[in-house]
Amino acid sequence: MNAGRSPLRIVMPAALAALFLYALASLPGFGARWGWSVGGVLLFVGWAGAAAAGVRAFTRRPGPASLIGMALAIVVLRFGSALVAEGRISPGDPHAYVELARNLVLHGDFGVYESYLNLYCRAFYPPLYPLLLAGWGAVLGFSTWSLVVFGTLIDGAAAMLIALLGARLGSGAAGCRAAWLYLVWPSVVFSAPLAAKEGFCAVLVLALALAWLSDRQGWRGGVVLGGIAGLLALTQPGQAPLGALIGLVLWRRIGLAAVFRRGVMAIPVALLVMLPWWLRNWLVFGLFVPLTSAGGLSLWVGNNAHATGNWMDYPPELRDLPEIAVGKRAGALAVEWIRSDPVGFVRLTLTKFVRACGVSIFDVVRLEAMSPTIGRSLAALLWPLSHLSHAGLLALAAWRAASRAVPGALLLLIAACVLQLALFGIWFEFGERHRDFVTPFLLLLLCWPIAQTAVGKAAPTP
């Protein structure tokens, strides 16, 4: 396949540019909501300058002074994020995961009380991330400062994999640059002091990409691929198909027979990884619950007359129902609304996709929803950093996607992520955090050298 004539080099820049225009069009609305702050603009400019300095440092092998400066920037950003989150209770999944982990440590029970449903849920959340969090918290506790170290270690693992992926695709320097940017990226930094599983999902998705691009043959490759795919399914069930999608889009590079062979070998391994969770759920419920009992509720959150894609209060009629029954009832409500308003369903689905991919203010909204909430002045200070960094990423990635210097495999990996969102993710609850796993690939695209001769000596992968 002639990579220079790939339709992706036309479609992807156009799609990213359209999302960038949407991001620009959203600015007046965010300014009206939180206000405009000179300090917010200065904070963004200062962050952008520091981020660009780190990228420039990896043009060649960075010296000790550059490495110390980058390390200090990482520490300062995460320390500041922890200070903002300290003493506040985050709504939604982060708080639920901490409660799950605490229950595991204190009582040996995997379950959490859901106040909106008046229900003690035993399979509401997939198990892997809470298990890891419980192991960490059993030793170091669940304070904000403990969680920020836990989140930073996970983000560090993702950065390592980004660097390795860059080297695997042909540019160690691009991998190191993207890894640096990931560690200081606002959405990543804001999530660091919270028990948010999106960073761990990014680690597993990057590991899947590396597994497909590796030279492992036979059962060894199948075991690695199937193991990672199973772990991803036990972390974020909605992303489970991504392992197959990556293989399918890379079939020309890998070979169709090799993709089929490795996929067939990976399936039984993935099933074995998920088997303990299935057995546990059968013992608890007396029936097969594959990954989570919340699928119907997620479908309702994403499909009702007032849906935006983000989480919202459940209707009162779902309270006090058994765990399996509440999911079925919520799913039935969603299907009933879709049948009654198919045009509205299509419009909502398209709106969810554009909104979730084109803006980045979820971190500020989450801080606003915390108890106690942040003040308007702090929100005005933070939202330009969150949103403008994402808008800049969309613009620069659109520019780089059209370059023939960018390897076709990287564009295909991004295409696989987009297919995952469009085919499996968008129909349910679908907000900004559900597309966070795409960010590492876009950062790698942004950092790819325009021409190899312009890079100089490639930086080593960490």
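Computed from a prediction, not measured in an experiment: that's the story for all the values here.

### A short note on the overall build of the chain
A tally of helices and strands in the chain yields 21 helices and two strands. The C-alpha radius of gyration computed for the chain amounts to 22 Å, which stays within 12% of the reference 23 Å derived for 462 residues, consistent with globular compactness. With respect to the three principal axes, the spread of C-alpha positions in the chain is 65 × 60 × 50 Å. Counting across all 462 residues of the chain, residues that qualify as buried make up 56%. Taking as baseline every contact in the chain between residues at least 6 positions apart, the subset at least 24 positions apart corresponds to 80%. Of the roughly 19800 Å² of accessible surface on the chain, 69% is carried by carbon and sulfur atoms. Distance between charge centres in the chain, computed from 34 positive and 19 negative side chains, equals 16 Å.

### Observations regarding the packing of aromatic side chains
Scanning all chains against the criterion turns up 19 aromatic pairs. Where tryptophan 47 meets tryptophan 185, the ring centres are 5.4 Å apart and the plane angle is 70 degrees; that geometry is what we call edge-to-face. Of this pair, tryptophan 47 sits in helix α3 (residues 38–57) while tryptophan 185 sits in the loop between α8 (172–184) and α9 (186–191), and the two are 138 residues apart along the sequence.

### With respect to helix α14 (residues 256–285)
Its 30 residues give α14 an end-to-end C-alpha distance of 41 Å, which sits within 8% of 44 Å, the value for a rise of 1.5 Å per residue. Where α14 bends most, the angle comes to about 40 degrees, and this point is methionine 274, followed within four residues by the proline proline 276.

### What about the packing of α3 against α8?
Where α3 contacts α8, the two axes come as close as 9 Å, and the packing angle between them is 155 degrees. Regarding the angle of α3 to α8, the classification is roughly antiparallel. Every pair of crossing elements has a handedness; the one defined by α3 and α8 is right-handed. Taken together, the residues of α8 that come into contact with α3 (itself represented by Trp47, Ala50, Ala51, Gly54 and Val55) are Arg177, Trp180, Leu181 and Val184. Along the lines of polarity and charge, the residues of the contact of α3 with α8 split into seven nonpolar, one polar and one charged.

### A closer look at the nonpolar core
By size, the foremost hydrophobic cluster in this structure holds 148 residues, and its most contacted members are Leu133 and Leu250. Setting aside residues up to four positions removed in sequence, leucine 133 forms contacts with Tyr97, Val98, Ala101, Phe142, Leu147, Phe150 and Ala195.

### A few points about a positive patch on the surface
Residues Arg168, Arg216, Arg220 and Arg253 make up a contiguous surface patch of positive charge. Relative to the helices and strands, arginine 168 resides in helix α7 (residues 144–169).

### Here we look at the confidence of the model for the chain
Within the chain, residue pLDDT values average 93, and 96% of them lie at 70 or more. Low pLDDT (under 50) marks residues 453–462, which in the prediction has 22 contacts with non-local residues, meaning those over four places away or in another chain.

### Here we look at the environment of alanine 179
Looking at where alanine 179 falls in the secondary structure, it is placed in helix α8. C-alpha separation for the pair alanine 179 and arginine 78, spaced 101 residues apart in sequence, amounts to 16 Å. Those residues in contact with alanine 179 that sit more than four places away from it in its chain are Ala159, Ile162 and Ala163.

### Some thoughts on unusual backbone geometry
Between serine 371 and proline 372 the backbone carries a cis peptide bond, its omega angle lying at -5 degrees. Secondary-structure assignment places proline 372 in the loop between α18 (362–369) and α19 (376–401). Even without a glycine there, the phi angle at aspartate 320 is positive, about 70 degrees. Under the relative-accessibility criterion, aspartate 320 is labelled exposed at 52%.

### Quick look at the packing of α18 against α19
Working note: a packed helix pair is described by the angle between its axes plus the distance between those axes. For the pair α18 and α19, interaxial distance at closest approach is 8 Å and the crossing angle is 155 degrees. Classified by the interaxial angle, the pair formed by α18 and α19 is roughly antiparallel. Contacts between α18 and α19 involve Asp363, Val364 and Leu367 from the first element and Ala379, Leu382, Trp383 and Ser386 from the second.

### Comments concerning the state of the cysteines
Under the counting rule described, the total for this entry stands at zero disulfides. Here cysteine 357 stays free of any disulfide, with the sulfur of cysteine 417 as its closest cysteine sulfur at 11 Å. Given a relative accessible area of 9%, cysteine 357 falls into the buried group.

What counts, and where the lines are drawn
- Residues numbered from 1 in each chain as written.
- Predicted model: local features only at pLDDT ≥ 70, side-chain atom pairs only at ≥ 80, totals over all residues.
- Heavy atoms only, no water.
- Helix = DSSP H or I, 4+ residues; strand = E, 2+ residues; numbered from the N terminus.
- Rg over C-alpha atoms; globule rule 2.2 N^0.38 Å.
- Buried < 20%, exposed > 50% of the residue type's maximum accessible area, 1.4 Å probe, protein only.
- Contact = heavy atoms within 4.5 Å.
- Areas by Shrake-Rupley, 256 points an atom, 1.4 Å probe, with all protein chains shown as cover.
- Lys, Arg positive; Asp, Glu negative; His and termini not counted.
- Charge placed at Lys NZ, Arg CZ, Asp CG, Glu CD.
- Phe/Tyr/Trp six-rings, centres within 6.5 Å; stacked < 30°, edge-to-face > 60°.
- Expected span 1.5 Å × (residues − 1).
- Bend = angle between axes of the 7 residues up to and from the residue.
- Axes fitted to C-alpha atoms, helices over the stretch in contact; angles between N-to-C directions.
- Parallel < 35°, antiparallel > 145°, perpendicular 65-115°, else oblique.
- Left-handed = near helix turned anticlockwise from the far one by under 90°.
- Nonpolar A, V, L, I, M, F, W, Y, C, P; charged D, E, K, R; others polar.
- Core = buried A, V, L, I, M, F, W, Y, C linked by side-chain atoms within 4.5 Å.
- Patch = residues over 30% accessible without salt bridge, like charges linked within 9 Å, V, L, I, M, F, W, Y side chains within 5 Å.
- Salt bridge = Lys/Arg side-chain N within 4 Å of Asp/Glu carboxyl O.
- pLDDT = per-residue confidence, 0-100.
- Disulfide = S-S within 2.5 Å.

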